[in-house]
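Descriptive analysis of the structure
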Amino acid sequence: MDTKELLKKVRKIEIKTRRLSDHIFGGEYHSTFKGRGMTFSEVRQYQYGDDVRNIDWNVTARYNEPYIKVFEEERELTMMLMVDVSGSEFFGTETQFKNEVVTEIAATLAFSATQNNDKIGLILFSDDVELYIPPKKGRSHVLRIIRELIEFQPKSKQTNVAEALKFLSNVMKKKAIVFVLSDFITDDYKQTLKIASGRHDVTGIRVYDKREEDIPNIGMVQMQDEESGELMLVNTQSKTVRRNYSKYYKERVDYYKDSFTKSGAGTIDCRVDESYVKKLLGYFKRRG
């Protein structure tokens, strides 16, 4: 993709997602993810009913009457976007590929965080962490994130959610709001998710295509595994083949839901032909 075309794409996504975050998500995001910490603001004279644990003994001794510390909610937060860039994300039978929907969701969340004056960071992962952009503030930083989401070429087509979560735990020592965007057609991440959710506010956003749920009966078909690159002839007329595929797919989805629920993390399921706006709003309102 040449630079002109890329900038055009970035601008198009910015216009669409910024409008959404300005009108819809700014307030919802603000009320859902309030500042978690308390920061010291000032001292004032003690009043009846104040918590005696907040008395500032140094100031009290100086003025010979009780003064207490006043704390303010710490508003500044950090959002980490963790985006799966493996081969299966480049799939779509409707109007958009999964990775295009993921880019729009990530951009909407990033602009919502920017409105709140929060920092935003990005982790692109396959079976390894392919790119890490440390959290920063501002529109130009968000545009850089969108640019990477559009044009990044991953080295691997495999997926390893656990590896990405391990990396997150290593680089983010302070509590962050974390969105993991993937189709989650993988497993073996339950334990690392539990550790990450213990420290951070984690939400999994599963983006999927309805055609992935079942293989249609269309005879002998040559298929390519997007992650391994392997070509194979598949007899879609076989009920066993179709049943085994559906079973495999359902097991991955159940694993995702079970893992996130048991670790105390949130989940959003978004099909590519559905409105991610409604899905995000519904989630923010439930949590607000």
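Above this text is the structure in question.
Per-chain numbering applies: the sequence of each chain, read as written, is numbered from 1 onward. Local features in this predicted model are restricted to residues whose pLDDT is 70 or higher, and side-chain atom pairs enter the listing and the counts only when it is 80 or higher, whereas totals over whole chains, interfaces and linings include all residues. Side-chain numbers here rest on the full set of heavy atoms in the structure, without hydrogens or water.

**With respect to the nonpolar core**
Defined as follows: The set of buried Ala, Val, Leu, Ile, Met, Phe, Trp, Tyr and Cys residues whose side-chain atoms join them within 4.5 Å is what this entry labels a nonpolar core. Partly exposed residues are those whose accessible area sits between 20% and 50% of the maximum for their type, while under 20% is buried and over 50% is exposed, using a 1.4 Å probe and protein chains only. Strands are runs of DSSP state E lasting at least 2 residues, helices are runs of H or I lasting at least 4, and numbering of each runs from the N terminus. In what follows, residue pairs with any heavy atoms lying within 4.5 Å of each other are defined as contacts.
Of all hydrophobic cores here, the largest spans 46 residues; its most connected members are Leu81, Ile105, Leu109, Ile146, Phe179 and Ile205. With 9 residues, helix 3 (residues 98–115) is the single largest residue contributor to this core. Discounting residues that sit within four places of it in the chain, Ile146 has contacts with Val10, Ile13, Ala107 and Phe111.

**So, unusual backbone geometry**
Where the residue is not glycine, phi is negative for most of them; where a peptide bond is considered, it is trans in most cases. A positive phi angle, near 65°, is found at Asn64, a position not held by glycine. Given the relative accessible area of 73%, Asn64 is considered exposed. With a phi angle near 60°, Asp188 is a residue other than glycine that sits in the positive phi range. If you trace the backbone, Asp188 turns up in the loop between strand 6 (177–182) and helix 6 (190–199).

**Let's talk about the sheet that holds strand 5 (residues 129–136)**
Condition: We call two strands paired when DSSP finds no fewer than two bridges between them. For helices, the fitted line uses only the C-alpha atoms of the stretch in contact; every axis is such a line through C-alpha atoms, and the angle between N-to-C directions lies from 0 to 180 degrees.
An order of 5-4-3-6-7-10 is seen for the 6 strands of this open sheet, with the pairing classed as mixed. What marks the edges here is a single partner per strand, and that holds for strand 5 and strand 10 (266–271). Averaged over all adjacent pairs, the angle separating strand axes in this sheet is 15°, with direction ignored. Sheet strands touched by helix 7 (residues 239–262): strand 7 (201–208) and strand 10. Its angle to strand 7, the strand with the most contacts, is close to 160°. Against the sheet, helix 8 (residues 276–287) makes contact with strand 6, strand 7 and strand 10, and its axis sits at roughly 160° relative to strand 10, the strand it touches most.

**Looking at a positive patch on the surface**
For clarity, the cut-off: By definition, no residue in a patch forms a salt bridge, and every one has over 30% relative accessible area; like charges are joined within 9 Å, nonpolar side chains (Val, Leu, Ile, Met, Phe, Trp, Tyr) within 5 Å. Every accessible area reported is derived by Shrake-Rupley at a probe size of 1.4 Å, with residue values counting cover from the shown protein chains alone. Salt-bridge detection follows one rule: a side-chain nitrogen of Lys or Arg within 4 Å of a carboxyl oxygen of Asp or Glu. Here the positive residues are Lys and Arg and the negative ones are Asp and Glu; neither His nor the chain ends is included. Here the site of a charge means atom NZ of a Lys, CZ of an Arg, CG of an Asp or CD of a Glu.
Where like charges cluster on the molecular surface, the positive patch consists of Lys4, Lys8, Lys9 and Lys12. A relative accessible area of 70% places Lys4 in the exposed class.

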